[in-house]
Amino acid sequence: MIYLRQSLKLAAYESARVGIIPTVTIDTMKDQCILVLENRKIAGYEFSCNPPNLEDLQMGDLLTVTIAIPAEPNALVGSWFYTKKTISASVSIMAEY
(Lines give C-alpha, C1' and ligand atoms only; values in the text may rest on other atoms or scores of the structure.)
Protein backbone atom coordinates (compact mmCIF):
# COMPACT_ATOMS: atom_id res chain seq x y z
CA MET A 1 0.00 0.00 0.00
CA ILE A 2 2.89 2.36 0.70
CA TYR A 3 4.12 1.83 -2.86
CA LEU A 4 0.73 2.87 -4.27
CA ARG A 5 0.46 5.95 -2.05
CA GLN A 6 3.98 7.07 -2.92
CA SER A 7 3.32 6.53 -6.62
CA LEU A 8 0.13 8.60 -6.48
CA LYS A 9 1.87 11.38 -4.58
CA LEU A 10 4.68 11.40 -7.15
CA ALA A 11 2.20 11.48 -10.06
CA ALA A 12 0.28 14.34 -8.43
CA TYR A 13 3.50 16.28 -7.75
CA GLU A 14 4.86 15.84 -11.28
CA SER A 15 1.52 16.86 -12.78
CA ALA A 16 1.28 19.95 -10.55
CA ARG A 17 4.88 20.91 -11.30
CA VAL A 18 4.11 20.88 -15.02
CA GLY A 19 0.78 22.66 -14.43
CA ILE A 20 2.35 25.90 -13.21
CA ILE A 21 4.29 26.38 -16.44
CA PRO A 22 2.65 29.12 -18.55
CA THR A 23 0.60 27.88 -21.54
CA VAL A 24 0.48 24.26 -20.31
CA THR A 25 -2.85 22.47 -20.73
CA ILE A 26 -4.61 19.99 -18.50
CA ASP A 27 -3.98 17.35 -21.17
CA THR A 28 -0.24 17.89 -20.73
CA MET A 29 -0.67 17.48 -16.97
CA LYS A 30 -2.59 14.24 -17.53
CA ASP A 31 0.17 13.00 -19.86
CA GLN A 32 2.69 13.57 -17.07
CA CYS A 33 0.46 11.63 -14.68
CA ILE A 34 0.10 8.76 -17.15
CA LEU A 35 3.88 8.63 -17.59
CA VAL A 36 4.39 8.08 -13.87
CA LEU A 37 1.50 5.66 -13.30
CA GLU A 38 1.90 3.48 -16.40
CA ASN A 39 5.57 2.89 -15.62
CA ARG A 40 4.43 1.53 -12.27
CA LYS A 41 1.61 -0.58 -13.77
CA ILE A 42 -1.08 1.41 -11.94
CA ALA A 43 -4.41 1.47 -13.76
CA GLY A 44 -7.80 3.14 -13.57
CA TYR A 45 -6.77 6.54 -12.29
CA GLU A 46 -8.96 9.60 -11.87
CA PHE A 47 -7.30 12.98 -12.32
CA SER A 48 -8.58 16.29 -11.02
CA CYS A 49 -7.10 19.72 -10.55
CA ASN A 50 -8.23 22.88 -8.87
CA PRO A 51 -8.66 25.40 -10.37
CA PRO A 52 -9.99 23.42 -13.33
CA ASN A 53 -9.06 26.20 -15.75
CA LEU A 54 -5.30 26.82 -15.74
CA GLU A 55 -5.78 30.16 -17.48
CA ASP A 56 -7.26 31.48 -14.21
CA LEU A 57 -4.05 30.65 -12.32
CA GLN A 58 -2.21 33.79 -11.17
CA MET A 59 1.14 34.22 -9.42
CA GLY A 60 0.74 33.12 -5.80
CA ASP A 61 -2.35 30.97 -6.45
CA LEU A 62 -2.33 27.33 -5.41
CA LEU A 63 -2.78 24.59 -7.98
CA THR A 64 -3.99 21.37 -6.39
CA VAL A 65 -3.79 18.06 -8.23
CA THR A 66 -5.54 14.95 -6.91
CA ILE A 67 -5.03 11.45 -8.25
CA ALA A 68 -7.31 8.59 -7.15
CA ILE A 69 -7.27 4.90 -8.02
CA PRO A 70 -9.39 1.88 -7.11
CA ALA A 71 -7.40 -0.09 -4.54
CA GLU A 72 -8.52 -3.63 -5.38
CA PRO A 73 -7.17 -4.00 -8.95
CA ASN A 74 -3.95 -2.19 -8.05
CA ALA A 75 -3.17 -4.01 -4.79
CA LEU A 76 0.07 -5.95 -4.86
CA VAL A 77 -1.23 -8.53 -2.35
CA GLY A 78 -4.47 -9.18 -0.52
CA SER A 79 -6.75 -7.52 -3.03
CA TRP A 80 -9.78 -8.98 -1.25
CA PHE A 81 -8.99 -6.67 1.69
CA TYR A 82 -9.28 -3.56 -0.50
CA THR A 83 -12.65 -4.31 -2.12
CA LYS A 84 -14.47 -1.09 -3.08
CA LYS A 85 -11.79 1.14 -1.53
CA THR A 86 -10.11 4.09 -3.19
CA ILE A 87 -6.62 5.44 -2.62
CA SER A 88 -5.89 9.06 -3.38
CA ALA A 89 -3.15 11.64 -3.03
CA SER A 90 -3.13 15.40 -3.48
CA VAL A 91 -0.39 17.94 -3.98
CA SER A 92 -0.67 21.72 -3.91
CA ILE A 93 1.93 23.94 -5.54
CA MET A 94 2.10 27.71 -5.80
CA ALA A 95 2.15 29.36 -9.22
CA GLU A 96 5.33 31.38 -9.64
CA TYR A 97 4.66 33.23 -12.88
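Please refer to the structure higher up on the page.
So, how was this worked out
Residues numbered from 1 in each chain as written. Predicted model: local features only at pLDDT ≥ 70, side-chain atom pairs only at ≥ 80, totals over all residues. Heavy atoms only, no water. Buried < 20%, exposed > 50% of the residue type's maximum accessible area, 1.4 Å probe, protein only. Helix = DSSP H or I, 4+ residues; strand = E, 2+ residues; numbered from the N terminus. Pairing = 2+ DSSP bridges. Axes fitted to C-alpha atoms, helices over the stretch in contact; angles between N-to-C directions. Contact = heavy atoms within 4.5 Å. Salt bridge = Lys/Arg side-chain N within 4 Å of Asp/Glu carboxyl O.

1. Observations regarding the pairing of strand β3 (residues 86-94)
Every second residue of β3 is oriented toward a common face, the buried set being I87, A89, V91 and I93 and the non-buried set T86, S88, S90, S92 and M94. Of the pairings in the sheet, the one linking strand β2 (residues 62-70) to β3 comprises 9 bridges and is antiparallel in character. When the sheet's bridge partners are listed, L63 is paired in β3 with I93.

2. Let's talk about the sheet that holds strand β1 (residues 46-50)
Pairing is antiparallel across the open sheet formed by 3 strands, whose spatial order is β1-β2-β3. At either margin of the open sheet sits one strand with a lone partner, and together these are β1 and β3. If you compare each strand with its neighbour and ignore which way they point, the axes differ by 15° on average. Across the sheet, helix α1 (residues 2-19) lies against β1, β2 and β3, angled at about 30° from β3, the strand it touches most. Strands β1 and β2 of the sheet are contacted by helix α2 (residues 26-39), whose axis makes an angle of about 135° with β1.

3. A short note on the pattern of salt bridges
What the rule picks out here adds up to 1 salt bridge. Residue R17 is joined to E14 by a salt bridge in which the shortest nitrogen-to-oxygen separation is 2.6 Å. Of this pair, R17 and E14 both sit in helix α1, separated by 3 residues, roughly a single helical turn.

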